[in-house]
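Residues per chain, in single letters:
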Number of protein chains: 2
Amino acid sequence: MELEATTKARLDEALARAGQRSTRQRELVFATLLRWMDHPTADEVFSRAREQTPTISLATVYNCLETLVGCGLVRAVNYEREPTRYCPNLNEHAHFQDRVTGRISDIPLSESIMATLRTLLPPGYEADSLDLYFHGTIRKQPSKSTSKS
Amino acid sequence: MELEATTKARLDEALARAGQRSTRQRELVFATLLRWMDHPTADEVFSRAREQTPTISLATVYNCLETLVGCGLVRAVNYEREPTRYCPNLNEHAHFQDRVTGRISDIPLSESIMATLRTLLPPGYEADSLDLYFHGTIRKQPSKSTSKS
DNA sequence: CTTGTAATTGGAATGATTCCAAGTATTGTT
DNA sequence: AACAATACTTGGAATCATTCCAATTACAAG
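Residues numbered from 1 in each chain as written. Chains lettered and ligands numbered in written order. Predicted model: local features only at pLDDT ≥ 70, side-chain atom pairs only at ≥ 80, totals over all residues. Heavy atoms only, no water.

**As for the protein's contact with DNA strand C**
Around DNA strand C sit 18 residues, and of these R24(A), Y62(A), T84(A), T23(B) and T60(B) come closest. A breakdown of the atoms of DNA strand C within 4 Å of the protein gives sugar and phosphate a share of 79%. Separating a sugar or linking oxygen of DNA strand C from a side-chain N or O atom of Q25(B) is a distance of 2.9 Å. For the surface near DNA strand C, the elements supplying multiple residues, two or more each, are α4 (58-71) of chain A together with α2 (24-35) and α4 (58-71) of chain B. Split by residue class, the surface near DNA strand C holds five nonpolar, eight polar and five charged. (Near = heavy atom within 4 Å. Polar contact = N/O pair within 3.5 Å; in protein donor to acceptor, adjacent residues only side chain to side chain. Helix = DSSP H or I, 4+ residues; strand = E, 2+ residues; numbered from the N terminus. Nonpolar A, V, L, I, M, F, W, Y, C, P; charged D, E, K, R; others polar.)

Written as structure tokens, this is what we have:
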């Protein structure tokens, strides 16, 4: 559960930019998110983090997650009124939730589609964030014969 | 606070299609939403509805709103973890929330942009709902000289 | 008019999140 | 290294939107 040096640098830099200190707990929470990139809830982050550091508290996990979101290192994902989930993928992307399993996947968004979406707004409207949520089912694809070469 | 005959018919039909009865309270809640189309919370609907029917309960307002959403007559709008808001606009649209006032406006979405959005999904992914949320600020437009004719 | 079912009601319960006050760690200064 | 000043963490209590529940009440069909 060690943060790679470059990742640690990225964390420290983002925290410093926001005038925040780098702490063991923030590092642990960030490392936990990066290790399982499966959109965990705060509770899930808490129980995973506690395996490494049994003294960490739920309040701290909430605090750290909020800090990381504030630094722009993590995105909060909200489906309806389900518990908030957290996502360390910084590429522009939408989310898709499977109705059956509840699992969430990332859907990459190209720069051009982002531009298109911004053009939808009436003059004067300036969006600083944009969230696109899909809800649906995943149909197993007929696996094409995977001919090797 | 009377529902227009055609609107009442629309409500009854949608309820019947979903195997639900038409009741005073459902009619009242629907009428309340249509009268102020400002994305009220359940609490706001409750206090507005109570002006007409002081005996209606908050639980009933929640029940009715859920029923209306289930019938497809109303959409639930969720910004982060704010209380759910309700929207009787059935045209395809996104939402824009003003960071300053918290007010929400509807952004119409053309059929073509809807189609474009659906193409973003990987094969096998079938979306049955799609929600697009903007967050930002509204800059007052330099009012162009409104030349008549 | 009866009878079965669905809807409404008020209040209690739930559960994610936030708040709080006390303790601990970290940073900059001498 | 010691100190002060400030930021962070912690456990538990508090919040608050929403849901649940058990007891009426309304409705629809025979």
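**Looking at the domain arrangement of chain A**
All names here are of chain A. Each domain of chain A was delimited in the assignment, giving domain 1 (5-85) and domain 2 (91-136). With centres defined by C-alpha atoms, the gap from domain 1 to domain 2 works out at 22 Å. When domain 1 packs against domain 2, the two sides together hide about 910 Å² of surface, and 47% of this comes from carbon and sulfur. The interface formed by domain 1 and domain 2 holds one salt bridge in total. We note a salt bridge from D131 to R75, for which the minimum N-O separation is 3.2 Å. The element best represented in the side of domain 1 that touches domain 2 is strand β1 (residues 75-77), accounting for three residues. Looking at side-chain class alone, the side of domain 1 that touches domain 2 contains three nonpolar, two polar and four charged residues. (Domains from an automatic or database assignment. Buried area = accessible area lost by both parts, 1.4 Å probe. Salt bridge = Lys/Arg side-chain N within 4 Å of Asp/Glu carboxyl O.)

**So, the relation of the copies chain A and chain B**
It takes a turn of 180 degrees to lay chain A on chain B, together with a shift of 0.0 Å along the axis; the resulting RMSD is 0.0 Å. Such a turn and shift between the copies fits a two-fold axis. Measuring from the rotation axis to each C-alpha of chain A, the shortest distance belongs to L132(A), at 2.3 Å. Most of the interface of chain A is mirrored in chain B, where 100% of its interface residues are also at the interface. (Least-squares fit on C-alpha atoms with pLDDT ≥ 70 in both. Contact = heavy atoms within 4.5 Å.)

**A few points about helix α3 (residues 42-52) of chain B**
Along α3(B), the positions that sit buried rather than exposed are A42(B), V45(B), F46(B), R48(B) and A49(B). Looking at the buried residues of α3(B), the elements they touch are α2, α4 and β2 (85-87) of chain B. (Buried < 20%, exposed > 50% of the residue type's maximum accessible area, 1.4 Å probe, protein only.)

**Structural notes on helix α5 (residues 111-118) of chain B**
Residues and elements named next belong to chain B. Every buried residue belonging to α5 is among I113, M114 and L117, and all of these are buried. Down the axis of α5, the buried set is contained in an arc of 105 degrees. They therefore lie on one face. Across α5 from its buried face, at more than 90 degrees, point the exposed residues E111 and S112. (Arc of directions from axis to C-beta.)

**Considerations on the sheet that holds strand β3 (residues 93-98) of chain A**
Here six strands make up an open sheet; going across it, the order is β4(A)-β3(A)-β5(A)-β5(B)-β3(B)-β4(B) and the pairing mixed. This sheet does not close on itself; its edge strands, each paired only once, are β4 (104-108) of chain A together with β4 (104-108) of chain B. On average, adjacent strands in this sheet sit at an angle of 30 degrees to one another, irrespective of strand direction. Both β3(A) and β4(A) contribute to a ladder of five bridges, which runs antiparallel. What sits directly across from Q97(A), in β4(A), is I104(A). (Pairing = 2+ DSSP bridges. Axes fitted to C-alpha atoms, helices over the stretch in contact; angles between N-to-C directions.)

**Overview of the interface of chain A and chain B**
Across the contact, 35 residues belong to chain A and 35 residues belong to chain B. Interface of chain A and chain B: buried area, both sides summed, is about 3200 Å²; carbon and sulfur atoms make up 56% of it. The tally of links from chain A across to chain B stands at four salt bridges. A salt bridge links R99(B) to D128(A); the shortest N-O distance between them is 2.6 Å.

**Overview of the pattern of salt bridges**
Counted by the stated rule, this structure contains 14 salt bridges over all chains. The partner of E126(A) in a salt bridge is R139(B), and the shortest N-O contact between them spans 2.8 Å. Taken together, the residues E126(A) in strand β5 (residues 125-138) and R139(B) in the segment after β5 (125-138) connect one chain to another.

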